[in-house]
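Structure assessment
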Amino acid sequence: MKPRLAQKIAFAFLLLATLLVVLPVLVILLIIVAKGASAISWDFLFSMPRDGMTAGGIFPAILGTLYLVIGAIIFAVPLGVMAAVYLVEYSSDNWLSRLVKLSIVNLAGVPSVVYGLFGLGIFVTFFRFGASILSGSLTLGIMILPVIITSSREALESVPRHFRTVSLSLGASRWQTIRHSVLPHALPGILTGMILGLGRAAGETAPILFTVAAFYLPRLPQSVFDQTMALPYHLYVISTQVPGIAENVRYGTALVLLSLVLLLNLAAILIRSRFRRKKKW
Amino acid sequence: MSEISIETRGLNLFYGDFQALIGIDLQIPARKVTALIGPSGCGKSTLLRVFNRMNDLIDGVRVSGQVIIGGQDIFAPGADLLGLREKVGMVFQRPNPFPLSVYENIVFGLAVHRLARRQEYGGIVEQALRSVLLWDDLKDRLHHSALKLSLEQQQRLCIARVLPLKPQILLMDEPCSALDPIATLHIEELMQKLKKKYTIVIVTHNMQQAARASDRTGFLYLGKLIEINETVNIFTKPAQAMTENYISGRFG
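Conventions used here
Within each chain, residues carry numbers counting from 1 in the order of the written sequence. Ligands are numbered from 1 and chains lettered from A, in the order in which they are written. Only residues with pLDDT of at least 70 are given local features in this predicted model, and only at 80 or more are side-chain atom pairs given and counted; all residues enter the totals for whole chains, interfaces and linings. Only hydrogens and water are set aside when side-chain values are computed; all heavy atoms of the structure are taken into account. The secondary structure listing takes helices from DSSP runs of H or I that are at least 4 residues long and strands from runs of E that are at least 2 residues long, numbered from the N terminus. Exposed residues in this analysis have more than 50% of their type's maximum accessible area, buried residues have under 20%, and partly exposed residues fall in between, with area computed by a 1.4 Å probe over protein chains only. We call two residues contacting when some pair of their heavy atoms lies within 4.5 Å. Nine residue types can take part in a nonpolar core, namely buried Ala, Val, Leu, Ile, Met, Phe, Trp, Tyr and Cys, and a core is a set of them joined through side-chain atoms within 4.5 Å. Summed over both partners, the accessible area lost on bringing two parts together, with a 1.4 Å probe, is the buried area. Here, a salt bridge means any side-chain nitrogen of Lys or Arg that lies within 4 Å of a carboxyl oxygen of Asp or Glu. Each polar contact in these results corresponds to two N or O atoms within 3.5 Å; when the atoms are within protein, one needs to be able to donate a hydrogen and the other to accept it, and residues that are neighboring in sequence are counted only if both atoms are side-chain atoms. Three residue categories are used. Nonpolar comprises Ala, Val, Leu, Ile, Met, Phe, Trp, Tyr, Cys and Pro, charged comprises Asp, Glu, Lys and Arg, and polar comprises the others, including Gly. A patch is a set of surface residues, each over 30% in relative accessible area and not in a salt bridge, joined within 9 Å for like charges and within 5 Å for the nonpolar side chains Val, Leu, Ile, Met, Phe, Trp and Tyr. Areas reported as accessible are Shrake-Rupley estimates using a 1.4 Å probe. Residue values count occlusion only from the protein chains shown. Neither His nor the chain ends contribute to the count of charged residues, in which Lys and Arg are positive and Asp and Glu negative. Note that the charge is assigned to NZ on lysines, CZ on arginines, CG on aspartates and CD on glutamates. Here, strands pair whenever DSSP counts at least two bridges between them. Every residue carries a pLDDT, the predictor's confidence in it, which falls somewhere between 0 and 100.

Moving on, we get to the side chain of histidine 234 of chain A. Residues and elements named next belong to chain A. Relative to the assigned elements, histidine 234 resides in helix 10 (residues 231–241). Classification of histidine 234 as buried rests on a relative accessible area of 4%. Once residues within four sequence positions are removed from consideration, histidine 234 is found in contact with Met53, Ile58, Ala61, Met229 and Thr253.

Glancing now at the nonpolar core. Counting 142 residues, the largest nonpolar core has Leu47, Phe51, Ile69 and Leu129 of chain B as the members making the most contacts within it. Sort the elements by how many residues they give to this core and helix 3 (residues 59–90) of chain A lands first, with 13 residues. Excluding its chain neighbours within four sequence positions, the residues that come into contact with isoleucine 69 of chain B are Ser5, Ile6, Phe51, Ile74, Leu84, Lys87, Val88 and Ile169 of chain B.

Taken together, the contact between chain B and chain A spans 19 residues of the former and 19 residues of the latter. Carbon and sulfur atoms supply 71% of the area that chain B and chain A bury against each other, a total of about 1,600 Å² over both sides. In terms of surface lost to chain A, no three residues of chain B exceed Phe98, Pro99 and Phe108 of chain B, which account for 31% of the buried area on that side. Our count for the chain B to chain A interface comes out at zero salt bridges. For the pair chain B and chain A, the number of links is three residue pairs in polar contact (both at pLDDT 80 or more). Of all the secondary structure elements, the ones that give two or more residues to the side of chain B that touches chain A are helix 2 (81–87), strand 6 (88–91), helix 3 (102–113) and helix 6 (151–162) of chain B. Considering each element in turn, the side of chain B that touches chain A owes the most residues, three residues, to helix 3 of chain B. Here the side of chain B that touches chain A is composed, by residue class, of 14 nonpolar, three polar and two charged.

The next point concerns the environment of serine 64 of chain B. Residue and element names in this part refer to chain B. Turning to its location among the elements, serine 64 is positioned in strand 4 (residues 61–69). Considering only alpha carbons, one finds serine 64 and phenylalanine 75, 11 residues apart in sequence, at a separation of 8.4 Å. Aside from chain neighbours lying at most four places away, what touches serine 64 is Gly10, Leu11 and Asn12.

It is worth spelling out a positive patch on the surface at this point. Residues and elements named next belong to chain B. On the surface, Lys166, Lys193, Lys196 and Lys197 cluster together to form a positively charged patch. With respect to the element layout, lysine 166 can be found in the loop between helix 6 and strand 7 (169–173). A relative accessible area of 69% means that lysine 166 is categorised as exposed.

Here we take up the pattern of salt bridges. A complete count under the given rule lists 14 salt bridges over all chains for this structure. Two residues, glutamate 89 of chain A and arginine 164 of chain A, come together in a salt bridge whose shortest N-O distance is 2.7 Å. On the criterion of sequence distance, the pair formed by glutamate 89 of chain A in helix 3 and arginine 164 of chain A in helix 7 (residues 161–169) is long-range, its members being 75 residues apart. When sorted by exposure, glutamate 89 of chain A lands in the same class as arginine 164 of chain A, which is buried. Among the salt bridges present, the one from arginine 9 of chain B reaches glutamate 7 of chain B, with a minimum N-O distance of 3.4 Å. For arginine 9 of chain B, a relative accessible area of 38% corresponds to the partly exposed category.

Turning next to the pairing of strand 7 of chain B. All names here are of chain B. In terms of burial, strand 7 is largely enclosed, as five of its five residues are buried. In strand 7, alternate side chains face the same way, and those of Ile169, Leu171 and Asp173 on one face and Leu170 and Met172 on the other are all buried. In the sheet, strand 6 pairs with strand 7 via four bridges, with the strands oriented parallel. For glycine 89, the partnering residue across the bridge sits in strand 7 and is leucine 170. Two strands pair when backbone bridges link them, and strand 7 and strand 8 (residues 199–203) are joined in this way by five bridges, in the parallel orientation. For leucine 170, the partnering residue across the bridge sits in strand 8 and is isoleucine 200.

A word on the confidence of the model for chain B. Confidence in the prediction of chain B, expressed as mean pLDDT, is 93, and 99% of residues score 70 or more. Highest mean pLDDT in chain B belongs to strand 8 of chain B (97); lowest belongs to helix 10 (residues 241–247) of chain B (91).

This paragraph deals with a nonpolar patch on the surface. Residues Met1, Leu5, Ile9, Phe13, Leu16, Leu20, Leu23, Val27 and Ile31 of chain A make up a contiguous nonpolar surface patch of roughly 890 Å² in combined accessible area. Locating phenylalanine 13 of chain A in the fold gives a position in helix 1 (residues 3–36).

Given below as C-alpha cells:
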C-alpha cells in the first residue's frame, strides 16, 4: 500500500474512533434533555414530592445529594491529600509506603456495592451512626479516596524538584517547604482529583443504598444523623419501584442529576483555572 | 590569613559505598571569593553542598570529620540545620526563582524565618534588589512574575532572594553556566561588590572565571583537595604538577 494512502486510512480510523467516543455522550445528553426538559420547573426543583411521588418536586433528593457530596469531600479531600503528601514528600521506599500504595490500587478496584456493604457494617452498625447522612458521606468518601490520593500524588510529583531544593536551602523546614512551595503549586491537580471524585460521589447508587438513602421522606433531614433522599436512588425508585410515574419526571430527574454534577464540575474547573493562571512555570 | 569563615577538618563524605570526598582540610577566609575548580565528578559541588548540608537530602549520604562554621561543628548532633541554612545562602546553577512575583520571591525567606514584620518588607525588598543592582530595572515590576525576567535578572534575583536572611556566606554552584558571556561578566562584577559583606564560595567549570573573579582557588581531583592557595599562585606557580596540568588544559 502506498504510504500516503495508508496514512489517509489510518487518519480516517483515528478520527472515527474519536467521534465514536463523543457520540454516546451526545446521544445520552440529547435523549435526556429531549425527554426530561418538559418536567423542569421551579416547582419541580424546589418543592417536596406529593401524591406518592407522582407529583410535586424532587427538592429533598437534590438537597440530599448535595449534602452527601459535600460530606464525602469534607472527609475524603483532607485525608487523601495528607496521605498523598506523606507518600510523595516523606515516605521513602519502605514496606509501609508499598503497603499503602497497594491498598490504594485495590481500593480503586472495589465494586461500589461492596463499599455499600462495608459502610453498612462499619458506620451504620458498628459505629451506630445508623442509616444517616454521616454514614453515607463516609462511605462515599472512602469510595473516592483512591481517586483523590492518586491525582494528588501526581500533582505533587509534577511540582519541579527545585522548588523544594530552593525552599530548603533558604532554611525552610520540610513542612514549610511543603506548605508554601509545593502544595500551592499542586493545587490545580488536587482540585482535578476532587472534581473526579465529586462526580463519582454524586452519581453512585450502591454505596448509599444501605447507608443513607430513603425511599421517601415527608420532611427534610435535620441533622447528619438523619436519613435523606438522594437523586440517584430516587431515580432508581421512580423508574422501577413506583408505577405510574410520568416519563418526563423520570428523565427530568436524570437531567437534574446530570446538571448538578456538571455544575459542580464547572465550579471546580473555574476555581482550578483561576489557580492555574496565577501559578505558571 | 584573616578571619576564617569555614573550616573543614578531615572531612569525608560517602554516597553509599562510594567516597566522594576524601580527607578534606581547608580554611575559607571571610569576605573573600574562594573558587573551587576541578574536572566533572571531582567532588567540588558535593563539597559546596556540605557547607549548607544540602547533601542531607540525598539518601545514603554519610559524613565524617568536622566542618566548622561560625565556631560550631555543623554536623554535631543537635546542630541547628535551619539556622545554618539561614546563615549560609545558596545560588544554584540554573536561575530558579519561584513562579511568584519578584516581591514574593524576596520575602519568602523572611516569611519562613519570621524575620521582619510585614510593614518592613518593602524596605527590605528594595535593599535586596539594590544590592544586586536590579532595583532600577524592577522597581515598577515588583509584582510581576519573576519568570518573565531575563535569565541574568532571574539569577540576580536568586542572589537577592538569600540576602534578606542576612547570611554570612554565599555558596554559588556554577551560577553563570546558564548565562551568556556578558551576563557572566555582570554576575562576576556583582560578586566583587558582594564580597565586601559576604564570604563567597563559588564552584565553576570555567577556569577563566576562577582566575578573574576569585581571591583564592582550590583544586579538587577525585574527591581530594589537591591544592588551595591565592588564585594568583594557583594560576602562575601551582605547587602540584596535577594542578598545573589541569589549569593548562592537559586534562579535565
